[in-house]
Amino acid sequence: MKSIKTFFKEYWITLLIVLGMCFTYYIISQNGLISPLMFPKVGLIWKVFLENRNVQLTNVYASFTLLAPSILITLILALGIGLFMGINEKARKVLYPIVYGFSCVPSILLSPFVVLLSPNMWWASIIIIVYGCVWATLFATITGVQTIDKRYLDNAKTLELKGWKRFFKVVLPAASPSIISGFINSLRSSFVMLVYAEMYGAQYGLGFYVKRYSTLGIYENVWGGFIFMVIILILVMSIFDRLKNYILRWTL
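Computed from a predicted model, the values in this text were never measured in an experiment.

A. The pattern of salt bridges, seen in detail. One pass over the full model with this rule turns up three salt bridges. Put simply, Lys 93 and Glu 89 hold a salt bridge, and the shortest N to O gap is 3.6 Å. Highlighted residues: Lys 93 and Glu 89, both in helix α4 (residues 89-103), separated by four residues, approximately one helical turn. Looking at Glu 89, the relative accessible area reads 45%, which means it is partly exposed. Across the pair Asp 241 and Lys 244 runs a salt bridge, and its minimum N-O distance is 3.4 Å. Placement of both Asp 241 and Lys 244 in helix α10 (residues 219-247) is noted, with a separation of three residues, approximately one turn of the helix. For Asp 241, a relative accessible area of 35% gives the class partly exposed.

Next up, the structure:
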């Protein structure tokens, strides 16, 4: 009960804004103020939402079979390259212009080459998601290592910490706030890239579902899929936010 009271105390304004948005949509749809085709009535959306819940669960599973390995590969690449470039000044000077140049190229321009060169559509989708998400964590990792307080490194030197011990005890913890912030941004981007990737040959998935029914012009299904996607996104981000708070519990 105490946690519920705390939640409403902290988020009552947020809840009022959300309720205001829902009420505005209700007024628009009930009175046909904007195209009834694109803004169907709330009752119709709710009916579709309930009827398609099993299909949506299948879509969630299909989406996460793409999302989970993509996030893992993104994290491995970003940490590996980012920590190497952050620690090694010479490597950073050589590689940074190349990395920055690739980060400026939109994934939509590379997607035809990815689809052509990938062994199958699953791998093509994985590569597109990773390419679109890796940069935020990568640059955050480089910045996090570069901006480590010199006092930490001096203290490590005084304590004669070297090599991997210095890396795991000083460098990685000190850079972790920046790294995790970048990873959270990558996680948000991953859902955008997931929707885009599922346009390529997917038969199931949250993005595929919304895209399919928007093409067919069945907007009650589009709204139902959109609401389901938002709920899943909020749940995933809440879990990672709690995980972030636990990992960074030593910070302010």
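There's more to say after this.
B. Region of interest: the packing of helix α3 (residues 53-87) against helix α8 (residues 163-197). Two elements in contact, α3 and α8, have axes whose closest approach is 10 Å; the angle formed by their N-to-C orientations is 140°. Classified by the angle between their axes, α3 and α8 sit oblique to one another. In this structure, the crossing between α3 and α8 has a hand that is right-handed. The residues of α8 that touch α3, namely those facing Ser 63, Leu 66, Leu 67, Ile 71, Leu 75, Leu 79, Leu 83 and Ile 87, are Phe 167, Val 171, Leu 172, Ile 179, Phe 183, Leu 187, Ser 190, Phe 191 and Leu 194. Considered class by class, the residues forming the contact of α3 with α8 number 15 nonpolar, two polar and no charged.

C. Main features of the side chain of Asn 52. Looking at where Asn 52 falls in the secondary structure, it is placed in the loop between α2 (42-51) and α3. For Asn 52, a relative accessible area of 16% gives the class buried. For Asn 52, the residues in contact, after removing those within four places along its chain, are Tyr 209 and Asn 221.

D. Spatial organisation of the state of the cysteines. The tally for this structure, following the rule as stated, stands at zero disulfides. Cys 104 provides the cysteine sulfur closest to Cys 133, a residue in no disulfide bond, and the two sulfurs are 16 Å apart.

E. Summary view of the packing of α2 against α10. Where α2 contacts α10, the two axes come as close as 8 Å, and the packing angle between them is 65°. The element α2 and its partner α10 pack so that their crossing is right-handed. Between α2 and α10, the contacting residues are Leu 44, Ile 45, Val 48 and Phe 49 on the first element and Glu 220, Asn 221, Trp 223, Gly 224, Ile 227, Phe 228 and Ile 231 on the second. In terms of residue class, the contact of α2 with α10 is made up of eight nonpolar, two polar and one charged.

F. A look at a nonpolar patch on the surface. A cluster of nonpolar residues, Trp 12, Ile 13, Leu 16, Ile 17, Leu 19 and Met 21, forms a patch on the protein surface that exposes about 670 Å² of accessible area. Structurally, Met 21 is set in helix α1 (residues 2-31).

G. Molecular detail of the nonpolar core. With 34 residues, the main nonpolar core has Ile 128, Ile 129, Met 193 and Phe 228 as its most contacted residues. Every element with two or more residues in this core is listed here: α2, α3, α6 (121-146), α8, α9 (206-216) and α10. Here this core gets nine residues from one element, more than from any other, and that element is α8. Those residues in contact with Ile 129, other than ones at most four positions away along the chain, are Leu 66, Ser 70, Ser 190, Met 193, Leu 194 and Ala 197. Within the second largest apolar cluster, nine residues are counted, among which are Ala 78, Met 85, Tyr 131 and Val 134.

Rules used throughout
- Residues numbered from 1 in each chain as written.
- Predicted model: local features only at pLDDT ≥ 70, side-chain atom pairs only at ≥ 80, totals over all residues.
- Heavy atoms only, no water.
- Salt bridge = Lys/Arg side-chain N within 4 Å of Asp/Glu carboxyl O.
- Helix = DSSP H or I, 4+ residues; strand = E, 2+ residues; numbered from the N terminus.
- Buried < 20%, exposed > 50% of the residue type's maximum accessible area, 1.4 Å probe, protein only.
- Axes fitted to C-alpha atoms, helices over the stretch in contact; angles between N-to-C directions.
- Parallel < 35°, antiparallel > 145°, perpendicular 65-115°, else oblique.
- Left-handed = near helix turned anticlockwise from the far one by under 90°.
- Contact = heavy atoms within 4.5 Å.
- Nonpolar A, V, L, I, M, F, W, Y, C, P; charged D, E, K, R; others polar.
- Disulfide = S-S within 2.5 Å.
- Patch = residues over 30% accessible without salt bridge, like charges linked within 9 Å, V, L, I, M, F, W, Y side chains within 5 Å.
- Areas by Shrake-Rupley, 256 points an atom, 1.4 Å probe, with all protein chains shown as cover.
- Core = buried A, V, L, I, M, F, W, Y, C linked by side-chain atoms within 4.5 Å.

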